[in-house]
Every structure is written in structure tokens, then in C-alpha cells.
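Analysis of the macromolecular model
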Amino acid sequence: MKVKAMLVDDEIHIVRNLEKIIPWESLGIEIIATAGNGAKALELAEELKPDLILSDIRMPVMDGIELLKQLRGSGYGGEILMLTGFQEFDYARSAVKYGAREYILKPIDYEELENILQSLAAEIQSVKLSRMKDMAKWRELSELAYEKILLDLLMDYTSFPLHRLQEEEDRVWLHQRYWMLLVDLDDYSQIIRQDERERKLVHFAVRNVLQEALRSEFVEYAVLLTREGEWCLLIPLPQAGREPAAPLEAWSEEVQEAVRRYVKLSVSVGVYPSPVSAEGLADAYKKLQRSLQLALEKQAIVLHREVQEADPQGQSFWSLADRLVAGLTQGESPKVDAALEELGRLLKEHGMRAEQMLHFLNLHLLREMRAIGLLDSLQEQRVMGELERSMSIKELMDCVLLLVRECMQTGQARRKSPEVLMATAREYIQKGLSRDLGLEELAQHLGISNSYFSLLFKQQHGETFLEYVTRERMELAKSLLLTSDKSVTQIGKLAGYAERRYFTKVFHKYEGMTPSEFRDRGKPGNGEREKEEAYDGAQ
């Protein structure tokens, strides 16, 4: 990490002596430009952004003092050394207010200059390294926060009132669009047979490969694990300019080849044919999942077509699958029974497609129930063993019923356990962070008394309901402050605070600084608007 330097003097022999006598390389300094007057130096400094400028004072066109003044006026933050004759020293000292670091008297003592440069270069390198570490830390934090928000939008977990933001000044978030690829393991049934550690290693390996598979095409894109054996790739389009052509099939082939080469597994890829807005991510994901899961062959590339959504039987089947998952998740037997009754009717209507649909439904339920913890590894193995032996419609239907029984039994045994109640509470809180959320509402949702809920929540989390909600809202606000350009008022509303004044007060108590100060410290070089700082300071 070299220090970039520029030499400025109208006497060419002085410049040449400086270039030859000072051991710039060993000092970690690179001379990136020379100039014969202040005007040329100012132009080069604006273009090249040197870390260090060594300049004479007496020069034609623009002298060193004026150069220093204009550099500081333009916001230049590098170091400046001034060369001056003895008779000019008093004049040179008058420029101290413009931030010259040192004054070097002519004739130049090259040993003294070398010592000054060595010390200054080490200091500049230390500052640059610190800034690089800060930026790397911020990029890591912002990437995690950004992916968390994207996953919430994709899975329809978020309760952000996105439609309201269309009336706000800052519409950048809504205007971001993405190309979407959905990657699904062809041999998911084989992954099920592995133990927990091996499954995690497979998912870790595939995600790493997917993160690099399209790196030559894009600087940044998100890879989100949507459920076991399934990842969604979201590739952001440029914010402005003409929409570039998207070789979607070629990208899909690159992804398939990368996973095959490095993880030795085959995947199918679902492709959404048009860019998707932030608001449309959840809907597009569901549509793409439906298109992909009914593919018959392995290593397929499936382009979603809207005409598929016009299939009334297909729509009914997907609606049924969603309701069956919801009934099992909520432990509501009437919903489950109604869905199973409708499944029997649909199977008669679908004829030859019935086996395919039932096989998919079993795998779909296995993955969904595994994700929410209603199936342990032994139950999963038992159901999977039955599925592998099932060939006929009756056998496949028996497998569905076995899976439903296992999930309902687990749900009934755990439904009123403290762990399950609190897991349900946490999910409900996450979905309600942006609105007024009270303890009574949540206790009623869980079907328990307010006092029992308060006691249970404190035992499970080590903090009160209000403390927990406040912390989650503050973490959400911090993520948005680092990953978006939204105003503090907007972010406060998204975090559940209708009034900016109260949001700022709570945030300051939680973080020890205002939202604007947090944003400025977390985003080097991205200063908050002065009016926001003034507003926060007045609270």
C-alpha cells in the first residue's frame, strides 16, 4: 500500500534532484505526477488525489500559498510540505492556517527531508490501513443487513409498508430491481439421509460456490438460502440508464457447471424472465418455485411463463399446498382436514399428473416442516423411507397422511411448551415491528394470559417484552441507516416510531448517539445532511 506523492516546483533541476536523491521506493512512496506551477498542480491533484504534495512557494501562474489555499478550499485532505527560501520563511509561516504539515528550507537538506518523509509516509499508511479496515467492516455489516432485508422481502416476512414509501421523497429502495434465479438441488432426497453436520457442510459449500459463480459478470449480487436445498440469486440491475440485455440461460448454465465442478452435485435452475421490484420479490419467488418444482428432469433450466399461472388446476393445487402447510404450522386440525379432503378431489381431476403432484407435495411438506422444526431427523427418515417405496397414487397419498400425522403429533406435544410459544412470539414480533405492537395483542395471539406471557418471556429471553421489541427495532433501524439513503424520519417509521422526535430520543438512549451520528460513523465519507444533524441536536 504505497503513498501517492506529487512534486511541484518551477525549477526542473530541483524536481529531478528530488526524484533521484530521495529513496522513494524504500520509503513506500510513489511519485505519480510532477508540475511546474500551482495551477497545473491543482488540476492534477483533483484528478489523481495524491496522499502527499511537496511544493515550492515561489512559482509563476499560481504560487504555493495560493495552491495550498485552493486545495483546502476544495476539500483536499492530504498532507502538504512546503519548500521555501530563508528570506521567504516569514511569508511561508503565514500559510499555517491552511494546514501545511512542514516547511523545508532551501537549499534542501536531503537527509532531513528523507527523515520527514519516512515519518509522514508511515503515518499516512497507518491512517489508510485504518480506513480500509473500517470500510471492510462496514461492507461486511451492510452486506449482512442488506441480505437480511432481502430475505425478509423474499419470504414475505416483512411488514414494511412499502406501498406508502411511494409517497416519500426517497424512492431508491422501491426503484431497485433484480434478476432472479432459483437454484434447487436435484438430489435433495439424498441430502436428507445425511446427518446434520454433513447437511450444513453441503449447504455451506454450495452457497460459497454460488457466491463466486457469477463474480466475473457482476461485482455484487445476493445469494439467499430460502429453505434446505434451495437458494435464490438476486442480481441488482443498474439504478439508472438503459436496461442491459440479460443472458439468463447462460447465467443458469454457469451456475450449474460451478456446482457440478466444485461440489459434485447437480442443480436445476428456475429463471424469472423479467426484472423484479423489491415489492414483487415474494410473488415472483412463489411463482418461480412452482414452475421449478414440477420439472420432471434433472439439471433443468426452467423459464417461468405467466401462462402457467392461468392453469386453474395448478392454481388450486398450489393453494391447497399452502393451506396444508399453514394448517400444520398452526396446528389447526380443521384446516388440515379440509385441505386433505380437497386434495382427494383434485387427484381425481388431474388424472395422469396425480403421481407427479403427490411426489412433489411430499417433498415440499418435508422441506417446509423441517424448516419450522415439526419434523426431527428420525421422523424425516421414516417419511422419506416410505416415500422412496411409494409408487402408486394410493401409496403416495398414504405417505402424505403419514407426514401429516407425524407433524400434528409433534405440534400437539410442543404447542404449549415455552420454547414453541416463544418461537411463535418472536416470529409475530418480527412481522409487527413497523406498527404499534402491544403485549396484550401478542398474549391473545398465543392464547395465554398477559401475566403468564410476561413471566414466560422474561424467563426465556432475560429481558422484558418492551426491552426485546425496542432492541429489535433499534437493530432494524441501524441496518437501514447503514444500507439505505432513507431519511431518519422514514427509517423511524419503518422501525415502528411514527414521530421522529421520539425515535431520535430512543435511539440516542440505546446507542449513545443520534441516528445521524450513527450513520456518519458507520459510513465513512457519507456525511449526513446538515439539516438532519441540526434537527437531531435540537431534540
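All residue numbers here refer to positions counted from 1 along the written sequence of the relevant chain. Restriction of local features to residues with pLDDT of at least 70 applies here, the model being predicted, together with a cutoff of 80 or more for giving and counting side-chain atom pairs; totals for whole chains, interfaces and linings are based on all residues. Excluding hydrogens and water, the side-chain values take into account all heavy atoms of the structure.

1. Some points on the nonpolar core
The biggest cluster of nonpolar side chains holds 54 residues, and the ones touching the most others in it are M180, L234, L281, I429, F453 and F465. If one sorts the elements of this core by residue count, helix 20 (residues 465-483) sits on top with nine residues. Ignoring sequence-local partners within four residues, the contact set of M180 consists of L154, C232, L233, L234, G270, V271, Y272, L281, A284, Y285 and L288. Grouped together as the second largest cluster of nonpolar side chains are 37 residues, I192, A339, L365 and V404 included. Throughout this description, the term nonpolar core refers to a set of buried Ala, Val, Leu, Ile, Met, Phe, Trp, Tyr and Cys residues connected via side-chain atoms within 4.5 Å. Only protein chains enter the accessibility calculation, which uses a 1.4 Å probe; a residue is then buried when its area is under 20% of its type maximum, exposed when over 50%, and partly exposed in between. To qualify as a helix, a DSSP run of H or I must reach at least 4 residues; to qualify as a strand, a run of E must reach at least 2; elements of each kind are numbered from the N terminus. It only takes one pair of heavy atoms within 4.5 Å for two residues to be counted as in contact.

2. Observations regarding the UniProt feature "modified residue: 4-aspartylphosphate" (unreviewed entry) in the protein
UniProt positions are given in the numbering used here, feature names are shortened, and annotations may be inferred rather than shown by experiment. The sites that UniProt annotates as "modified residue: 4-aspartylphosphate" (unreviewed entry) are D56. Note that D56 resides in strand 3 (residues 52-56). In this view, D56 contacts V8, D9, D10, G64, M82, L83 and K106; residues no more than four positions away in its chain are not counted.

3. Notes on the environment of E341
Among the secondary structure elements, E341 is positioned in helix 13 (residues 333-350). Here E341 falls in the exposed class, since its relative accessible area comes to 65%. Taking the C-alpha atoms as reference points, E341 and L320, 21 residues apart in sequence, are found 10.0 Å from one another.

4. Some details on the packing of helix 17 (residues 418-431) against helix 20
Working convention: axes come from line fits to C-alpha atoms, limited for helices to the stretch in contact. Angles between N-to-C directions cover 0 to 180 degrees. Look at helix 17 against helix 20: their axes get within 11 Å of each other, and the N-to-C directions meet at 50°. Put simply, helix 17 runs oblique to helix 20. The crossing of helix 17 and helix 20 is right-handed. Seen from helix 17, the contacting residues are R426, I429 and Q430; seen from helix 20, they are F465, Y468, V469 and E472. Residues of the contact of helix 17 with helix 20, tallied by class, amount to four nonpolar, one polar and two charged. What sets the label is the angle itself: under 35 degrees gives roughly parallel, over 145 gives roughly antiparallel, 65 to 115 gives roughly perpendicular, and the rest give oblique. By definition, turning the near helix anticlockwise from the far helix through less than a right angle yields a left-handed crossing, and turning it clockwise yields a right-handed one. Gly falls in the polar group here, along with every residue not listed as nonpolar (Ala, Val, Leu, Ile, Met, Phe, Trp, Tyr, Cys, Pro) or charged (Asp, Glu, Lys, Arg).

5. Points about helix 19 (residues 450-461)
An expected span of 1.5 Å times one less than the residue number is assigned to each helix. Along its 12 residues, helix 19 runs 16 Å from first to last C-alpha, staying within 8% of the 16 Å computed at 1.5 Å per residue. Along helix 19, the residues classified as buried are F453, L456, F457 and H461. Down the axis of helix 19, the sector holding all buried residues measures 105°, keeping them to one side. In helix 19, the exposed residues that point more than 90 degrees away from the buried face are S451 and Q459. Of the surrounding elements, those touching the buried residues of helix 19 are helix 17, helix 18 (439-446) and helix 20. Phi turns positive, to about 70°, at G462, one or two residues after helix 19. The directions from the helix axis to the C-beta atoms form the arc being described.

6. Focus on unusual backbone geometry
In this structure, the amide linkage connecting K106 to the following residue, P107, adopts the cis form with an omega of -5°. By the secondary structure assignment, P107 is in the loop between strand 5 (102-106) and helix 6 (110-154). Phi angles above zero are rare outside glycine, and V61 is one such case at about 70°. Tracing the backbone shows V61 in the loop between strand 3 and helix 4 (64-73). Among the residues examined, V61 registers a relative accessible area of 72% and is labelled exposed.

7. As for the pairing of strand 4 (residues 79-85)
As a general feature of sheets, a regular strand has side chains that alternate between the two faces. Counting buried positions along strand 4 yields seven of seven residues, so the element is predominantly enclosed. Burial of strand 4 is two-sided: the residues E79, L81, L83 and G85 facing one way and the residues I80, M82 and T84 facing the other way are all buried. Being paired, for any two strands, means DSSP has found at least two bridges between them. Alignment of strand 3 against strand 4, held across five bridges, turns out to be parallel. Note on strand 4: the bridge partner recorded for S55 is M82. Viewed with both strands pointing away, a crossover whose connecting path from the first strand over the helix to the second turns clockwise is right-handed. Between the parallel pair strand 3 and strand 4, the chain is carried across by helix 4, and the sense of this crossover is right-handed.

8. Considering the packing of helix 9 (residues 196-213) against helix 10 (residues 248-263)
Angle between the axes and distance between the axes are the two parameters that describe a pair of packed helices. Viewed as axis vectors pointing N to C, helix 9 and helix 10 meet at an angle of 135°, and their least axial separation amounts to 9 Å. When the interaxial angle is binned, helix 9 and helix 10 end up oblique. Crossing of helix 9 against helix 10: the hand is right-handed. On helix 10, the residues touching A205, V206, V209, L210 and A213 of helix 9 are E254, V255, A258, V259, Y262 and V263. Counted by class, the contact of helix 9 with helix 10 contains 10 nonpolar, no polar and one charged residues.

9. A short note on the environment of K431
Relative to the elements of secondary structure, K431 occurs in helix 17. On a C-alpha basis, the gap between K431 and D156 in space is 9.1 Å, while along the polypeptide they are 275 residues apart.

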